[in-house]
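Letter by letter, the chains look like this.
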Amino acid sequence: MPIPVFESPLTRMPRLGLGTWPMRGAACQRAVETALAMGYRHLDTAEMYGNEEAVGAAIRASGLPREQVYLTSKVWNDKPRGAAIRRAAEDSLRRLGLAWMDLFLIHWPSPQLDLPDALAALARLREDGLARAIGVANFPPGLLQRALGLAPIACLQVEHHVYLGQPRLLAICRAQGIVMTSYTPLAKGAVTRDPAIGAIAAKHGATAGQVALAWLLAMPGVAAIPKAASAARQRENLGAAALALDAADLAALAALPKSRRLVDPGFVADWDA
Ligand SMILES: NC(=O)c1ccc[n+]([C@@H]2O[C@H](COP(=O)([O-])OP(=O)(O)OC[C@H]3O[C@@H](n4cnc5c(N)ncnc54)[C@H](OP(=O)(O)O)[C@@H]3O)[C@@H](O)[C@H]2O)c1
């Protein structure tokens with residue numbers, strides 16, 4: 001089953017990718033090589049993950065043409081202004097050993113973030129070809145709207161899974177035609193302990209992880225980046241692309257509580273702002 005692709009005028013992203021946090025070093029390189037060999041074509045890394053060297057080495061070791069691998073990296077939130085963001089992108093590319101990133105994101109907003117200056121720097125990275133697309137992560141709705149008015153944002157990356165709906169953000173992304181990349185899509189593995197999800201999985205001869213990912217892939221304009229270290233789980237997660245949930249499944253999943261946020265380091269004071 002091929003991985004579905006999101007296409008817009010600003011980017012073309014495989015809708016199922018591999019998260020790489022918190023893998024590092026040789027273990028990270030091995031895991032990414034394994035994933036690329038079995039068909040993953042979208043990798044998610046960040047300056048903060050400390051694994052860009054390993055991810056870049058895996059891309060080179062895969063032997064795949066650079067154009068065939070969609071690579072996202074992110075600048076950390078200690079760089080609120082454009083000049084530092086530009087340097088961070090250049091540093092990421094050096095560590096990755098790549099000439100360009102497919103997507104470069106502001107990892108988290110900070111109170112010090114100079115939004116117009118930061119987004120002007122992102123737009124310049126795009127114009128100069130260092131990043132083929134640009135975007136933001138962990139932006140609440142109001143800040144996302146402002147960002148969309150300032151630069152050609154292609155993507156919002158945000159926590160989103162069966163226990164955390166993101167209706168406002170999804171509505172904005174769809175209205176603007178940008179992709180919403182769902183991180184922590186397996187709720188860090190918690191979906192495997194949920195009897196309601198287990199029942200749906202059993203009905204389809206699938207796994208709970210596949211059900212959780214298929215729920216995201218059933219939403220137009222949504223991509224998911226599950227992290228898995230082992231080949232077995234990577235393959236399992238890739239299999240979600242072949243799982244078609246029916247209306248009863250979707251209704252049961254919609255009925256699960258939707259306000260369980262798992263990633264909240266305190267950088268965003270008000271997620272509803
Ligand atoms: N932008 C941001 O601020 C941000 C924040 C958080 C995460 N992210 C990105 O999103 C990626 C994914 O998020 P995440 O790592 O927090 O959470 P996740 O993908 O929901 O869950 C990862 C955990 O689930 C386990 N797992 C993987 N496949 C499984 C399966 N089929 N069944 C059961 N358990 C499974 C993994 O263990 P094993 O590896 O041992 O299999 C790992 O412990 C990150 O790696 C990162 O790239 C971005």
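Looking up the chain in an unreviewed UniProt entry gives the name NADP-dependent oxidoreductase domain-containing protein, with the organism given as Paracraurococcus ruber. We quote the UniProt Sequence similarities (unreviewed entry) comment for the chain here in full: "Belongs to the aldo/keto reductase family."

Participant: How should the environment of Pro 80 be read in this particular structure?
Facilitator: Here Pro 80 shows up in the loop between β5 (70-75) and α3 (82-96). Residues Pro 80 and Ala 241, spaced 161 residues apart in sequence, show a C-alpha to C-alpha distance of 37 Å. Residues within four places of Pro 80 in sequence aside, it is in contact with Ser 110, Gln 112, Leu 113, Asp 114 and Ala 118.

Participant: Looking at this model, I keep getting lost on helix α7 (residues 195-204). Mind explaining?
Facilitator: At 3.6 residues per turn, the α-helix brings residues three or four places apart onto the same side. Three or more residues of α7 are buried, namely Ile 197, Ile 200 and Ala 201. For α7, the arc enclosing every buried residue in end-on projection is 100°, short of the 170-degree limit, so these residues lie on one face. Exposed residues pointing more than 90 degrees away from the buried face of α7 are listed as Pro 195 and Ala 202. Along its buried surface, α7 packs onto α8 (208-217) and α10 (247-254). Where α7 begins, the side chain of Asp 194 points an oxygen toward the backbone nitrogen of Ala 196, at a separation of 2.9 Å. Note on α7: the residue one or two positions beyond its end, Gly 205, has a positive phi of about 65°.

Participant: Help me out: how do you make sense of the packing of helix α5 (residues 141-148) against helix α6 (residues 167-176) in this one?
Facilitator: In a packed pair of helices, the relevant descriptors are the angle between the two axes and the axis-to-axis distance. The geometry of α5 relative to α6 is characterised by a closest axis approach of 10 Å and an angle of 15° between their N-to-C directions. By the angle class used here, α5 and α6 are roughly parallel. Crossing angle aside, the handedness with which α5 passes α6 is right-handed. Facing Pro 141, Leu 144, Gln 145 and Leu 148 of α5, the residues of α6 in contact are Arg 168, Leu 169, Ile 172, Cys 173 and Gln 176. Partitioned by chemical class, the residues of the contact of α5 with α6 number six nonpolar, two polar and one charged.

About the thresholds
Residues numbered from 1 in each chain as written. Predicted model: local features only at pLDDT ≥ 70, side-chain atom pairs only at ≥ 80, totals over all residues. Heavy atoms only, no water. UniProt positions renumbered as here; feature names shortened; annotations may be inferred. Helix = DSSP H or I, 4+ residues; strand = E, 2+ residues; numbered from the N terminus. Contact = heavy atoms within 4.5 Å. Buried < 20%, exposed > 50% of the residue type's maximum accessible area, 1.4 Å probe, protein only. Arc of directions from axis to C-beta. Polar contact = N/O pair within 3.5 Å; in protein donor to acceptor, adjacent residues only side chain to side chain. Axes fitted to C-alpha atoms, helices over the stretch in contact; angles between N-to-C directions. Parallel < 35°, antiparallel > 145°, perpendicular 65-115°, else oblique. Left-handed = near helix turned anticlockwise from the far one by under 90°. Nonpolar A, V, L, I, M, F, W, Y, C, P; charged D, E, K, R; others polar.

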